[in-house]
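# What the coordinates show
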Amino acid sequence: MIDLQLLRHSPDVVRASQRARGDDESVVDQVLDLDSRRRAAQTEFEQLRAEQKQVGKQVAQASGAQKDAVLARAKELSAQVKAREAEAAALAGELDELLMTIGNVIVDGVPAGGEEDYVVLKTVGTPQDLVAELGRDPRDHLELGEGLGAIDTERGAKVSGARFYYLTGIGARLELALLNAAMDTAIAHGFTPMITPTLVKPEVMRGTGFLGKHSDEVYHLPTDDLYLVGTSEVALAGYHEGEIVDLSNGPLRYAGWSACYRREAGSYGKDTRGIIRVHQFHKVEMFVYTTPEDAEAEHARLLAAEEEMLAKVELPYRVIDTAAGDLGSSAARKYDCEAWLPSQQRYLELTSTSNTTTFQARRLGIRERTENGTRVVATLNGTMATTRWIVAILENHQQPDGSVRVPEALRPYLGGLEVLAPASP
RNA sequence: GGAGACGUCGCAUAGUCAGGUCUAGUGCGCGGCCCUGCUAAGGCCGUGAGGGGGGCAACCUCCUCCGUGGGUUCAAAUCCCACCGUCUCCGCCA
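These figures come from a predicted structure and were not determined experimentally.

### Remarks on the domain arrangement of chain A
Domains assigned within chain A are domain 1 (4-99) and domain 2 (119-420). Distance between the C-alpha centres of domain 1 and domain 2: 43 Å. Opposite the four residues of domain 1 that make contact, domain 2 presents eight residues. Both faces considered, domain 1 and domain 2 share a buried interface measuring about 430 Å² in area, 28% of it formed by carbon and sulfur atoms. Contact with domain 2 buries surface across domain 1, with Ala20, Arg21 and Asp96 losing the most and accounting together for 85% of the total. Between domain 1 and domain 2 we count one salt bridge in total. Asp96 is the partner of Arg363 in a salt bridge, and the nearest nitrogen-oxygen pair spans 3.2 Å. The tally of links from domain 1 across to domain 2 stands at three residue pairs in polar contact (both at pLDDT 80 or more).

### Re the packing of aromatic side chains
Tallied over the entire structure, the rule returns four aromatic pairs. Both rings, one in Phe287 and one in Tyr289, keep their centres 5.2 Å apart while their planes meet at 70 degrees; by these two values the pair is edge-to-face. For the pair Phe287 and Tyr289, one class covers both residues: buried. Where Trp340 meets Tyr347, the ring centres are 5.1 Å apart and the plane angle is 75 degrees; that geometry is what we call edge-to-face. For Trp340, a relative accessible area of 12% puts it in the buried group.

### Some points on the packing of helix 8 (residues 170-188) against helix 11 (residues 295-312)
Their axes nearest at 10 Å, the elements helix 8 and helix 11 cross at an angle of 140 degrees. One way to sum up the angle between helix 8 and helix 11 is to call them oblique. Handedness of the crossing formed by helix 8 with helix 11: right-handed. Mapping the contact onto sequence places Leu178, Ala181, Ala182 and Thr185 in helix 8 and Glu308, Met309 and Lys312 in helix 11. Grouping the amino acids of the contact of helix 8 with helix 11 by side-chain chemistry returns four nonpolar, one polar and two charged.

### Here we look at the UniProt feature "domain: Aminoacyl-transfer RNA synthetases class-II family profile" (unreviewed entry) in chain A
In the numbering used here, UniProt assigns the feature "domain: Aminoacyl-transfer RNA synthetases class-II family profile" (unreviewed entry) to residues 140-407. The straight-line gap between the two end C-alpha atoms of residues 140-407 is 18 Å; of that span, 29% is helix and 30% is strand.

### Observations regarding the state of the cysteines
Tallied over the full model, the rule gives zero disulfides. Free cysteine: Cys260, not disulfide-bonded; nearest cysteine sulfur from Cys337 at 17 Å. On the accessibility criterion, Cys260 (0% relative accessible area) is buried.

### A word on the pattern of salt bridges
For side chains bearing opposite charge, pairing can occur when the charged atoms are close. All told, the structure shown has 30 salt bridges when counted by the stated rule. For Arg273, the salt bridge identified is with Asp140, shortest N-O distance 2.5 Å. Here Arg273, found in the loop between strand 9 (252-261) and strand 10 (280-290), pairs with Asp140, found in the loop between helix 5 (130-134) and helix 6 (141-147); they are 133 residues apart in sequence, far enough to count as distant. Linking Arg277 and Asp271 is a salt bridge whose minimum nitrogen-to-oxygen distance equals 3.2 Å. Residues joined by salt bridges that share partners form a network here, namely Arg8, Asp35, Arg38 and Arg39.

### Quick notes on helix 13 (residues 389-396)
In terms of burial, helix 13 is a largely internal element, eight of the eight residues being buried. Taken together, the buried positions of helix 13 are occupied by Trp389, Ile390, Val391, Ala392, Ile393, Leu394, Glu395 and Asn396.

### Some words on the environment of Leu98
Along the polypeptide, Leu98 turns up in helix 4 (residues 64-100). With 71 residues separating them in the primary sequence, Leu98 and Val27 have C-alpha atoms 7.4 Å apart. For Leu98, the residues in contact, after removing those within four places along its chain, are Val27, Gln30, Val31 and Leu34.

### Concerning the UniProt feature "coiled-coil region" (unreviewed entry) in chain A
The positions UniProt marks with the feature "coiled-coil region" (unreviewed entry) are residues 31-94. Secondary structure across residues 31-94 comprises 97% helix and 0% strand; the distance between its end C-alpha atoms is 9 Å.

Calculation criteria
- Residues numbered from 1 in each chain as written.
- Chains lettered and ligands numbered in written order.
- Predicted model: local features only at pLDDT ≥ 70, side-chain atom pairs only at ≥ 80, totals over all residues.
- Heavy atoms only, no water.
- Domains from an automatic or database assignment.
- Contact = heavy atoms within 4.5 Å.
- Buried area = accessible area lost by both parts, 1.4 Å probe.
- Salt bridge = Lys/Arg side-chain N within 4 Å of Asp/Glu carboxyl O.
- Polar contact = N/O pair within 3.5 Å; in protein donor to acceptor, adjacent residues only side chain to side chain.
- Phe/Tyr/Trp six-rings, centres within 6.5 Å; stacked < 30°, edge-to-face > 60°.
- Buried < 20%, exposed > 50% of the residue type's maximum accessible area, 1.4 Å probe, protein only.
- Axes fitted to C-alpha atoms, helices over the stretch in contact; angles between N-to-C directions.
- Helix = DSSP H or I, 4+ residues; strand = E, 2+ residues; numbered from the N terminus.
- Parallel < 35°, antiparallel > 145°, perpendicular 65-115°, else oblique.
- Left-handed = near helix turned anticlockwise from the far one by under 90°.
- Nonpolar A, V, L, I, M, F, W, Y, C, P; charged D, E, K, R; others polar.
- UniProt positions renumbered as here; feature names shortened; annotations may be inferred.
- Disulfide = S-S within 2.5 Å.

Below, the structure written as structure tokens:
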């Protein structure tokens, strides 16, 4: 949720942000109108309420005929107060709902436009000439994974349906190794390791901005009214819900390990082969609470940590600055790291780090104490590693015989294993 | 799953049975000032959150919040209902 004060005092800033996102600008004026009506209704209610409290006290003291008169007046006021209160509450609800439809105000410098309008900030490493090296077209991750006895999508589909899979044998070990390495990297950067709930209450899901435009991406359990998280970001943001946090010793940094669930409702027919786009995967996610002033600098730190992890697994990648129209509703800026995918001759998103400024924290009521009272903090998140990384690791490090070289940084997590060899027939 | 107890301002607790002087008291903690040669001890004052209105501002004023949401009532921390959570005991499953 954006800051109503900001919208009141600088509506043009919000309008410009809406324009860059390709969203409706007119909601700004609708909000301003609703807001002034709400305040008028509230003032009216409060004045009546104050009078009601005064008269109410007289009821207790009066007696006889006087009491009857006062009581009559009190009853009259009670009815009026109820009506005005309902009116003010209805307007407040309407205002809140409308305010929720507005995406976070983008940071200056975010490219305008849609999905295709990202800006490449840098490219690191060069894709190997695998055709020359292998003497054939590179195998894709599924062919490699099946050859290694590492990935089983057929049985995943048999047991759970499309977009489910088993990681088997060395595949399971590889994921554990990758995520442990990711967690250790995060710890080295000062993050506190966390294993988080994957089912959360509606208020937390809503507070983190996942029940807006893309709510059909989220699994819901109606019997218990709980949501399955698509990232531990949700649980890590909810961790300090309603709290006044202490940032005097620097930002609060958490690294969450969790399963992630996504319905992939809008992606029928896209990335259907293998484990690129699946309903369930695992992820180590960084999450930070910091001051609004420090948010942009912290965003750069998150990106640097992600790049360090990509370097550890020796993948060629590029960093893009996502365009405004492709940002989630809570992000004010988002950088993605995309690794080269040899089988498809394209880049594939492996990490995503968002600066959500005060958007999530405002909705979740997360503040810090300052000399002049309290204020809403800023939150940020970023991917350390996910199951999907296996795709890029297998493909980029494949060898002519279908084996896969293990990046050096992962070897300690695999008992020193240097090569993933195909299962013997 | 069953029975019981409980949820009050950072922490602890009073208030709930008997609805209105609760504008939620007290202690601890925290902050400021004072006293004392130093220390120990003591005294005084202040100290939750959100929002509306006024003021350049320090500040003033009003409303809301006693786990959450409903209800009863002129009036709810207090009575009623539902839910959530914590604790104790029992049962069941690991």
